[in-house]
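# Geometric and topological summary
Below, each chain spelled out in residue letters.
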Amino acid sequence: MANRINREQVQHVAELAKLEFTDAQLDALTPQLDDIIGLFESLSEVDTTGVEPTSSVTDQINVMRDDVADNWGQSAALLKNAPDAERGYIKVPAIIDESED
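So, a few notes on the structure that sits alongside this text. (Residues numbered from 1 in each chain as written. Predicted model: local features only at pLDDT ≥ 70, side-chain atom pairs only at ≥ 80, totals over all residues. Heavy atoms only, no water.)

Further remarks concern helix α1 (residues 7-16). Among the residues of α1, the N-terminal cap falls to N6, whose side-chain oxygen and the backbone nitrogen of E8 are separated by 3.1 Å. Positive phi appears at K18, one or two residues downstream of α1, with a value of about 60°. (Polar contact = N/O pair within 3.5 Å; in protein donor to acceptor, adjacent residues only side chain to side chain. Helix = DSSP H or I, 4+ residues; strand = E, 2+ residues; numbered from the N terminus.)

And the structure:
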């Protein structure tokens, strides 16, 4: 192992992602993440001189429809089926709650 990442860094990233791992899990994840980082580092060794940048690896053309609002009359039915709604919007629980910190 080349020690590109250490246990404390894995723990720090896990805390940022609000993930909890046991000591045994951290000990197992650290070398795995180090190997993954090594794979990405090996990509820098590839000679890409003259290679055109690409955003797609296929020749298919975007077949998405135009972004146009449709069926405006259905909002009342949608809100009627929502578990909680207010002022024409569906209320959902907070996903990120920093109050626990």
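With that out of the way, let us pick up the environment of Q25. Here Q25 shows up in helix α2 (residues 23-43). Under the relative-accessibility criterion, Q25 is labelled partly exposed at 39%. When the C-alpha atoms of Q25 and I90 are compared, they prove to be 38 Å apart, with 65 residues separating the residues in sequence. (Buried < 20%, exposed > 50% of the residue type's maximum accessible area, 1.4 Å probe, protein only.)

We now examine a nonpolar patch on the surface. Taken together, the side chains of L33, I36, F40, L43 and V46 make up a nonpolar region of the molecular surface, amounting to roughly 480 Å² of accessible area. A relative accessible area of 60% places F40 in the exposed class. (Patch = residues over 30% accessible without salt bridge, like charges linked within 9 Å, V, L, I, M, F, W, Y side chains within 5 Å. Areas by Shrake-Rupley, 256 points an atom, 1.4 Å probe, with all protein chains shown as cover. Salt bridge = Lys/Arg side-chain N within 4 Å of Asp/Glu carboxyl O.)

Throughout the structure, instances matching the rule amount to 6 salt bridges. D27 is the partner of R7 in a salt bridge, and the nearest nitrogen-oxygen pair spans 2.8 Å. Separated by 20 residues along the polypeptide, R7 in helix α1 and D27 in helix α2 bring together distant segments of the chain. Using a relative accessible area of 45% as the deciding quantity, one classes D27 as partly exposed. A salt bridge links E86 to R87, with the nearest nitrogen and oxygen atoms 3.9 Å apart. In this structure E86 comes out as partly exposed when scored by relative accessible area, which is 40%. Ionic contacts of the salt-bridge type, sharing partners, join the residues R4, D34 and E41 into one network.

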